Structure formats: structure tokens, C-alpha cells
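Coordinate analysis (summary)
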Amino acid sequence: MVARGWLVVARGNRSFSSLIRKYSLKREMNKKVIKNVIKLLTMVILMGTVVIWIMMPTSTYKKIWLKSMRANLGKSIYFGKPGVNLLVYMFPMILLAFIGSIYLHLKKQTTVNQFNSGVERKKRDKFGALKRPMLVKGLGIVTVTEVMFLTMFMSLLLWSLANYFYYTFVTITPQTIPIDGDNLWQARLDSIAVRLGLTGNICLGFLFYPVSRGSSLLAAVGLTSESSIRYHIWLGNLVMTLFTSHGLCYCIYWISTNQVFQMLEWDRTGISHLAGEITLVAGLVMWATTLPAIRRRFFEVFFYTHYLYMVFMLFFVFHVGISYALISFPGFYIFIVDHFLRFLQSRNNVKLVSARVLPCETVELNFSKNPKLMYSPTSILFVNIPSISKLQWHPFTIISSSKLEPKKLSVMIKSQGKWSTKLNHMLASSDQIDHLAVSVEGPYGPASTDYLRHQSLVMVSGGSGITPFISIIRDLLYVSSTSACKIPKITLICAFKTSSDLSMLNLILPISTEISSYVDIQIKAFVTREKVSTCNMNIIKTLCFKPHSSDRPISPILGPNSWLWLASILSSSFMIFIIIIAIISRYHIYPIDQSSKKYTSAYTSLIYLLAIFISVVATSTVAMLCNKKSYYNKKDQNIDVLSPLMIESSPGQLLPEFTNIHYGERPNLNKLLVGLKGSSVGVLVCGPRKMREEVAKICSFGSAENLQFESISFSW
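Calculation rules
- Residues numbered from 1 in each chain as written.
- Predicted model: local features only at pLDDT ≥ 70, side-chain atom pairs only at ≥ 80, totals over all residues.
- Heavy atoms only, no water.
- UniProt positions renumbered as here; feature names shortened; annotations may be inferred.
- Helix = DSSP H or I, 4+ residues; strand = E, 2+ residues; numbered from the N terminus.
- Expected span 1.5 Å × (residues − 1).
- Buried < 20%, exposed > 50% of the residue type's maximum accessible area, 1.4 Å probe, protein only.
- Pairing = 2+ DSSP bridges.
- Core = buried A, V, L, I, M, F, W, Y, C linked by side-chain atoms within 4.5 Å.
- Contact = heavy atoms within 4.5 Å.
- Axes fitted to C-alpha atoms, helices over the stretch in contact; angles between N-to-C directions.
- Phe/Tyr/Trp six-rings, centres within 6.5 Å; stacked < 30°, edge-to-face > 60°.
- Salt bridge = Lys/Arg side-chain N within 4 Å of Asp/Glu carboxyl O.

As annotated in an unreviewed UniProt entry, the protein chain carries the name ferric-chelate reductase (NADH) and is attributed to Arabidopsis thaliana x Arabidopsis arenosa. Quoted straight from UniProt, the Subcellular location (unreviewed entry) entry for the protein chain says "Membrane".

Structure, rendered in C-alpha cells:
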């Protein structure tokens, strides 16, 4: 009877397990269907948006499409003329950002085994050629994919300019100019100036997407704000080139036609010239400080002058009017949402529990972290220490793994500028510091990583460029110890100037146990300026802090389901914005427009800007407060002052069988990389520009088809 009872229980357990597997499989299938629907919808929206941008400079768009849309939508008593651009340009991009957030939420729940499956690996390797370096110098390291999109974008600009200029020279002829009007060249210059401004607005429409750190649009296509910052630089240069040309053309036109007084004109209902000049001056100041000679030597000047973007955008809207400004506003709207969420997160001090000062003038800061906060390897954290500077925020690579170390987050800071040097001196010269007030923003990083798709990983670093690879190694160590996934063979090639820099290798592994059963790792360290070791790497100063009761663990600003909350903020704020504008337009703006005097353009623009600000602030604050209880759960604040995961031995003692140190020589990257075996070898590089370019050049050779290149750069 007992045996028969156990048999029944066993069958029941098998039946229950079978139901669980079927439910999980069905759930994954449903997610896959939803993701495919999202991809299809995204493609439809993108194609429609691209068609609009292509047709916008043509006479067909202006005389037929736009005329028809204004006839149907532009006469609305709720939105009026701005309603057309609100629907055609702004709504699709906000919808894309909303859909992207939903997609990332579903993608976040993908199991690790899916990334290591043969089908998934082959599928990803198909697109490996698109990530190969195509250009190495000039614009930096540019992949095949980037060249394709850059070519398409430049084609759009040239197409727009060609159409605009063609329209100018066809419509403005000696026969069409009034006898008592401008000369032919003056009339054409006036028209060309307008067209240059219209083309600059296309670039402005894309300018803010790359600098929205938490944007779902970037994450959905596998980009981060750090990797796409150069797109912002390219677009900024194009914007200012076109806008400066626009302004110069008008200055020449006004001087030649004796209309210099036009420079100070602020039209009540039309184009405001003075507002445009203020916009241009603010842009020129920002543009001047981006010069490498100024940005690198006087970073604070560059950083603070970039706050003029608020003046730039405000007076740009006053210059062209809100109706036309809405064409370039979707990216700015997403940027405002992202910026306000960062502001909310930065208001609290976080719990700094310990620090270590290494012999190479490098500091490791260890923070308490909410276990619900998850991030990918190579993520960064923006840090502010008011005792050094109340205004400066600096990004640093996270070296810890959110999976391996659920209650701790660590960053490594190398002394390279005034701010980091002050921090190192403060911690190295005093034993009396028991508390340090710190605020953070982030973490920011890729939505997911796919390092498991490679058979082997080769990581090439120079100096502090080793930091992103520490987080990758720790993450792979966790995966190998908790799942049956095959971990790629890891080779770390690191170059340092002095032997004291070798102490950074101490931070690679969080535990001092035997790792050979988990990962296959080999470290090749090169000390370039010394032939023998001149530093005792065991001299590491450890500081323990006593956090205040008001200090909080680093937590996700929108909770563990941050992408869902971001989707709700984007959708609800946009709907509130629409409702506010509809009410004000119907009961305030529309009645005045119907009277003898028109409503002032600047006031209309200001109302729209205030409506955007109110809707974003309200929805973001509510979302943050709804998640606040889960942030500050007291049981999540209990963390050891010094985590036992820290190590304090030199790499020679810790990894004698895995580490080879070469003194007085540089790594021969061509010899180390060419001829590597395996169908898929991931080559990651982080370090000085020349090192990155050298590795990119090697990986771009036709004989190195198995090398999958990826550059990790935090300097621009």
C-alpha cells in the first residue's frame, strides 16, 4: 500500500512538472508572437516615417499631401495648424518609443539558454559581417551597418537640398521677379537661406535621440548612449553647419538690400528673426567648446556651456513657431522624459559602504545595491560627489556583476583629470573619512549582451580600458557556475604603462576560489615602460564608511519592470499633453484666432512647452512614487560593510597558472589575433584610439572572417 501511494505521488509530480513545462512553453510562444507583431508594426511605422521624410522637400508633398492634411486636420478647433505635424511627425515616434519599451520588457525575460542555442548562434552570425569595421580613420571606427545608415541619411540630406535648390532656381527667374523688387541673386539667396534652415531642421530632428541614456529606441536596436554619442557629434556638426549657413545667407541678404533692421524684428504671428539669432549664438557657443583642444583641456567649460541647449531649443521654437518645431520635437520629447527621470534619481544620496585605493592611483568604490536592480556587463554609472564638485557628473564603468553580486555595485576610477585626482588624493591621504556623500544616475548600458554566441572571446585593453572586461568576466563566471551553457574561452590581453597598474588585475575576480572548473581564462599582461616590477601590488588601502540613515542603496528608478513603466510614462504623458492642448486651444486660443487679432505665436509656443513639461513631470513623478516602496525595502539595505567577495592578493598569487606578465614590451596584436581558431571569435577592444584602430584594422582583413569586432569606447 505504501509503495502504491508513493507511485501515485510520483505520477502526480510528473504530471505537475509536465503541466509547468507546457505552461512555460506556451508562455514563451505567446511572447514570441507578440514580439513578431511588434517587429512588424515597427517596420510599418518606420517605412511610413521614411516616406514622409523623403517626400517632405517635394512639391507633391507641399501642394497635394500637406494641403489635403491641413484641409482635414488643420482646421480643427482643438489643435489647429499644429495638429498636422503633431499627428504626422510626433505621434509615430512616440508610438515607436512606446512599442520599443514593450519589446524590451519581453526581451528581458528571455532565458540564457536561448542565447547559446545553435539556431540562435547561426542566426546572429549571419549578421556578423555587418558589424565588421569598414572605415578605421577619419570618422573613427565605422562598421558596415553604420556606413549604410550614414549613406542613407546623407542621401536624404542631399535629396532635400537638391529638391529645395531646384525649386529655387526654377521658380525664381528674371521673369518672375517684380520690377521694383530684389535683384535675381538676392531673391535666390533669400530662398536658399530658407532651404538651408529647412534641411538643418531634419538633422535637428535626430539630434537628441543618441543622448537619451535610457531611451527604448536605442536599446531596442542594440545601442547605448555611449556607443551612439558620436552620432550626436556628427548630427551636431551638420545642424550647426546648416544653421550657420542659414544665418550668414540672411545677414548678407539684409545688408545687400539695406534691411539690417530686420535682424531685430520679432514678428507677433510669423517668423521671429531676433529669436533665430539668439538660437544661433547659443548654438555657436556650444559648437565652439566641442573643439578637441577646448573640450579635453577645459572639460568643465564644455560641460557647462552645453546647458545652453535649453536656450537653443526655446528660442528655436520662438523663431519658427510651434507648428513647424513639432517636426523636430519627438527626439527632444523623449530626451526630456529621460532627463527628468535622471533628475529624480539624482536627488538621493546612495549608500557608499567601502573603497579601496590601489597603488596605481586608482580607486574602487563599492555601493550597496538593491537586489532588484539588474544591469548588463559594460554598463556605466554617473557619479557626483558634492564635496569635490556639486555640479560635475562623471561616468565610470561598473566592474561588478548584478547576477554574481546582487547586493553590491562597484566602479573603478582611474586618476586622469582634476575631479578623479582630487578623489584619489582625498581617500589616499586620510584615514579619518567615515562617510562620503555620493549621488548617482544609472546604470546605463546595453539591454542585453550576446557574448555566449562566440566560441572564444579575446579582450584587448589599454590602461583603465580593462574595466568593462572585468564585468564581462564576472558575468560569464556566474553563468558558468549556475547553468549548463558552454562558456567561451577567454583571453585577456592588457597593456599597462607601469607595474603598479597591474594591481587593477586584482579586481577581475570577486572570489578567490578555484575557477578552472568554471571558465577557461588566460591573461597576457604587458608592462611597456618597465623591464622589472618596481611596485608592491599588495599595498592596497581599504576604507570602510558608515552610511547615514538617509542614504539608500542604488535602486532602479522605475523598479524591476522599468521598461513597462517607461512605456506607461511615454503614453500617459503624451495623452495628457494632447488633452491639455486640446482644452486650451478650444477655449482660449481658437476664440482669439477667430477675432480680428491673431493669437501671438510666442504665447502659443510657450503653452505647448509648458504642457509638455507639466505632463512629463506629473507622470514621471507618479511612476517614481509608485515604485518608491519597493526601492527602499529595509531588508534590502542590509549589506556587509566589506563584502567577502573582495580580493586583496596580486594577480601572480591569485592566478599563477592563468597569468603571463611581459615587461618592457608592447603586445604584438597582429601576431596575437591573426590565425585564431574557431568559427566565431569575439574580439573586444577598449583603450587608446590607436589601439582600437589597430585592432579594427586587423579584424577588417578578409583573412580574418572569423573575428567579430566590437569596440568599447568611453572617450570621444
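What follows picks up the thread again.
1. As for helix H17 (residues 467-482)
Compared with an ideal rise of 1.5 Å per residue, which puts 16 residues at 22 Å, H17 spans 24 Å between its outermost C-alpha atoms and is within 8% of the ideal. Here H17 lies mainly inside the structure; 13 of its 16 residues are buried.

2. Details of the pairing of strand S8 (residues 439-444)
Judged by how many residues are buried, S8 sits mostly within the fold: six of six residues are covered. Both strand S5 (residues 380-384) and S8 contribute to a ladder of four bridges, which runs antiparallel. Among the inter-strand pairings, Asn384 is bridged to a residue of S8, identified as Ser439.

3. Side note on the nonpolar core
Formed by 89 residues in total, the largest nonpolar core has its most connected members in Leu204, Phe208, Phe312 and Phe329. Excluding residues within four positions of it along the chain, Phe312 makes contact with Leu204, Val239, Met240, Phe243, Thr279, Ala282, Gly283 and Met286. Core analysis: the second largest hydrophobic core is formed by 38 residues, Met412, Leu476, Met504 and Phe658 among them.

4. Quick look at the sheet that holds strand S3 (residues 352-358)
Here four strands make up an open sheet; going across it, the order is S7-S4-S3-S12 and the pairing antiparallel. Each having just a single partner strand, strand S7 (408-414) and strand S12 (541-544) make up the two edges of the open sheet. For this sheet, the mean angle separating the axes of adjacent strands, direction not counted, is 15 degrees. Of the strand pairs in this sheet, S3 and strand S4 (residues 362-368) are connected by six bridges, and their pairing is antiparallel. Residue pairing across strands places Ala355 opposite Leu365, the latter belonging to S4.

5. Some thoughts on the packing of aromatic side chains
What the rule picks out here adds up to 28 aromatic pairs. Aromatic pair Phe329 and Phe332: ring centres 5.4 Å apart, planes at 65 degrees, arrangement edge-to-face. Here Phe329 and its partner Phe332 are both found in helix H15 (residues 329-346), three residues apart, which amounts to about one turn of the helix. Exposure remark for Phe329: the relative accessible area of 1% places this residue in the buried category. Look at Phe396 and Trp419: their rings are 5.7 Å apart centre to centre, the planes differ by 25 degrees, and that puts the pair in the stacked class. Within this pair, whereas Phe396 is found in strand S6 (residues 394-397), its partner Trp419 is found in helix H16 (residues 418-428), the two being separated by 23 residues in sequence.

6. Topic: the pattern of salt bridges
Any two side chains of opposite charge can pair, on the condition that their charged atoms come close. With the rule as written, the count across this model stands at ten salt bridges. In this structure, Asp475 and Lys403 form a salt bridge, with 3.9 Å as the shortest nitrogen-oxygen distance. Of the two residues, Asp475 sits in helix H17 while Lys403 sits in the loop between S6 and S7, which places them 72 residues apart along the sequence. Taken together, the salt bridges that share partners define one network made up of Arg213, Asp338, Arg342 and Glu441.

7. Description of the sheet that holds strand S14 (residues 681-686)
One open sheet holds the six strands; their spatial order is S13-S11-S10-S9-S14-S15, and the pairing between them is parallel. Sheet topology places strand S13 (659-663) and strand S15 (707-711) at the edges, where each strand pairs with a single neighbour. Each strand of the sheet is rotated relative to its neighbour by a mean of 15 degrees, with strand direction disregarded. Where H17 meets the sheet, its contacts fall on strand S9 (456-462), strand S10 (489-496), strand S11 (521-527) and S14, and the angle it forms with S9 comes to roughly 155 degrees. Sitting on the sheet, helix H22 (residues 689-699) touches S9, S10, S14 and S15, and the angle it makes with S15 is about 155 degrees.

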